[in-house]
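A look at the structure
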Amino acid sequence: MSLTKKIKEFALDLGYSRVGITTADRFSDHVAILQDRGPMYDFLVQDPRRPVEGCEPQKLMPSAKSIISLVWDYSQKAFPEALLGKVGRVYQARSYNAPSHRINGSRYQLMLDFVKKAGCQVGQGIFLPERWVAARAGVTTYGRNNFAYADGIGSFIVLSSIVVDTELEYDTPTLETGCPEGCRACIKACPTQAIYEPQKLNPRRCIAFNAWFTQDGKPAGLSSHIPPEIREKMGTHVHGCDICQEVCPRNRERLQAKLPDDEFLVRVSQDFSLTKMLNMTDEFYETRVQPLMYNYIKEPKYFQRNAAIALGNLGDPAFIPDLELAMNDPEKLVREYAAWALGRIGGNLAKQVLETKRSLETCGNVKKEIEAALLAL
Ligand code: SF4
Ligand code: SF4
């Protein structure tokens, strides 16, 4: 059996749904897009993992010949209602960039070990444009919502890849859009108009981006600030947003399928709530937030901020006591967004809380949010 066949069979044996192979040639089109969309993607261009260099694998690894593209289908089990609309499916499935001590990370590690044992040298630290890799390796096509779609699965997939120094048998590229003609459901459904044209996304308007990338100390001058206009459209999404995939006819079959429960998610969903996330204990963070959302947000205060936004958007006065409690949080960021949420809920009780907190607050930014919230009442 050829090495290509052995690699593919091992990947399928590990549970990957699709595996394809492409060359390690430059991803010129992706570089052109990054350059063309300039300021929108400055945070990506400046990412310390060097994504622009990753488009030229042979510059980082002169011996690179092939890239193995792996597709993990993360929607093989059901997602509990209580988590949908709050936490994106890919996070619930604990499958995105999973560390090697978690099941999804260990699968990738096993794949790496196999390829190395087979005599291949493996590229290290090459940040590849995974959707381009997968399409060039013939395992996915594009959606107008910017997601990659695998035939017979849909877009609820995670892509990963391995650069090797070995010539393998290459698959026929599928660098094409696989959407039905005329469909624009994702573009119409996006609450923030982040998808401004087919396959063109302004990340700074995307809910998912705003939920996780807006942290202090990120590249390109990003901060923890989320513009009020976007906050209002975030709904209850505290991490990730699946709207443009949920409305997609290419995902319909999977979304309508009766899938087995994921018992871990069933347990998590039983005591997961936005109010618990807002005034989070260490235990809630360790057992309910971190196991799902270990990836992008590293400090609890950003989850608390997102929970405050979600509660404000729900608009239920029943949450005022929780937000009042959050106004005592030692993190000023949490107090700022709790103030915003109180203003969004409105009413006499919210006004009373805001006025009381205004007289006690020492932080200028929090005071500003309180003033803005009171003005909006
Ligand atoms: S993830 Fe949500 S906000 Fe982002 S493009 Fe899709 S629908 Fe719009
Ligand atoms: S909603 Fe329609 S246009 Fe958007 S990705 Fe799905 S099929 Fe393509």
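Cut-offs applied
Residues numbered from 1 in each chain as written. Chains lettered and ligands numbered in written order. Predicted model: local features only at pLDDT ≥ 70, side-chain atom pairs only at ≥ 80, totals over all residues. Heavy atoms only, no water. Helix = DSSP H or I, 4+ residues; strand = E, 2+ residues; numbered from the N terminus. Buried < 20%, exposed > 50% of the residue type's maximum accessible area, 1.4 Å probe, protein only. Contact = heavy atoms within 4.5 Å. Areas by Shrake-Rupley, 256 points an atom, 1.4 Å probe, with all protein chains shown as cover. Lys, Arg positive; Asp, Glu negative; His and termini not counted. Charge placed at Lys NZ, Arg CZ, Asp CG, Glu CD. Polar contact = N/O pair within 3.5 Å; in protein donor to acceptor, adjacent residues only side chain to side chain. Near = heavy atom within 4 Å. Nonpolar A, V, L, I, M, F, W, Y, C, P; charged D, E, K, R; others polar. Pairing = 2+ DSSP bridges. Axes fitted to C-alpha atoms, helices over the stretch in contact; angles between N-to-C directions. Phe/Tyr/Trp six-rings, centres within 6.5 Å; stacked < 30°, edge-to-face > 60°. Parallel < 35°, antiparallel > 145°, perpendicular 65-115°, else oblique. Left-handed = near helix turned anticlockwise from the far one by under 90°.

1. Regarding the overall build of the protein chain
Along its length, the protein chain carries 21 helices and seven strands. Expressed along its principal axes, the backbone C-alpha trace of the protein chain runs to roughly 75 × 45 × 40 Å. Put simply, the protein chain has 377 residues, and 52% of those count as buried. Put simply, 74% of the contacts in the protein chain that link residues at least 6 apart link residues at least 24 apart. Carbon and sulfur atoms provide 50% of the accessible area of the protein chain, an area that totals close to 17300 Å². In the protein chain, 47 positive and 45 negative side-chain charges are present, and the distance between their average locations comes to 1 Å.

2. Some remarks on the side chain of Ser-161
If you trace the backbone, Ser-161 turns up in strand β5 (residues 157-164). The class of Ser-161 is buried, set by a relative accessible area of 6%. Here Glu-130 takes part through its side chain, which lies 2.7 Å from a polar atom of the side chain of Ser-161.

3. Thoughts on the site of ligand 2
In the vicinity of ligand 2, the contacting residues are Gly-143, Arg-144, Asn-145, Tyr-149, Cys-179, Pro-180, Cys-183, Ala-185, Cys-186, Cys-248, Pro-249 and Arg-250. Taken together, the residues of the shell around ligand 2 break down into eight nonpolar, two polar and two charged.

4. What to know about the side chain of Asn-295
With respect to the helices and strands, the residue Asn-295 is situated in the loop between α16 (282-289) and α17 (300-314). Here Tyr-96 takes part through its backbone oxygen, which lies 2.4 Å from a polar atom of the side chain of Asn-295.

5. Comments concerning the sheet that holds strand β1 (residues 18-23)
Taken in spatial order, the three strands of this open sheet run β1-β2-β5, and their pairing is antiparallel. Since the sheet does not close on itself, it has two edges, and those belong to β1 and β5, each with one partner. In this sheet, neighbouring strand axes are inclined to one another by 20° on average, regardless of whether the strands run parallel or antiparallel. Relative to the sheet, helix α7 (residues 103-117) contacts β2 (66-73) and β5, its axis offset from that of β5 by approximately 25°.

6. Thoughts on the packing of aromatic side chains
All chains considered together, the criterion is met by 16 aromatic pairs. The interplanar angle of 65° and the centroid separation of 4.9 Å between the aromatic rings of Phe-43 and Phe-213 together place this pair among those described as edge-to-face. Here Phe-43, found in helix α3 (residues 42-45), pairs with Phe-213, found in the loop between α10 (207-212) and α11 (228-233); they are 170 residues apart in sequence, far enough to count as distant. Assigned by exposure class, Phe-43 and Phe-213 land together as buried. Ring geometry for Phe-213 and Tyr-296: centres 6.4 Å apart, planes at 40°, overall tilted. Highlighted residues: Phe-213 in the loop between α10 and α11 and Tyr-296 in the loop between α16 and α17, separated in sequence by 83 residues.

7. Focus: the pairing of β2
Of all eight residues making up β2, eight are buried, and the element is well covered by its neighbours. Residues Ser-66, Ile-68, Leu-70 and Trp-72 of β2 are buried on one face, and the alternating residues Ile-67, Ser-69, Val-71 and Asp-73, pointing to the opposite face, are buried as well. As judged from the eight bridges shared by β2 and β5, these two strands associate in the antiparallel manner. If you follow Ser-66 over to β5, its bridge partner there is Val-164.

8. A short note on the packing of helix α1 (residues 3-14) against α7
The geometry of α1 relative to α7 is characterised by a closest axis approach of 10 Å and an angle of 160° between their N-to-C directions. Considering their axes alone, α1 and α7 lie roughly antiparallel with respect to each other. α7 is crossed by α1, and the crossing has right-handed handedness. Along the contact surface, α1 presents Lys-6, Ile-7, Phe-10, Ala-11 and Leu-14, while α7 presents Arg-107, Leu-110, Met-111 and Phe-114. Partitioning the contact of α1 with α7 into residue classes produces seven nonpolar, no polar and two charged.

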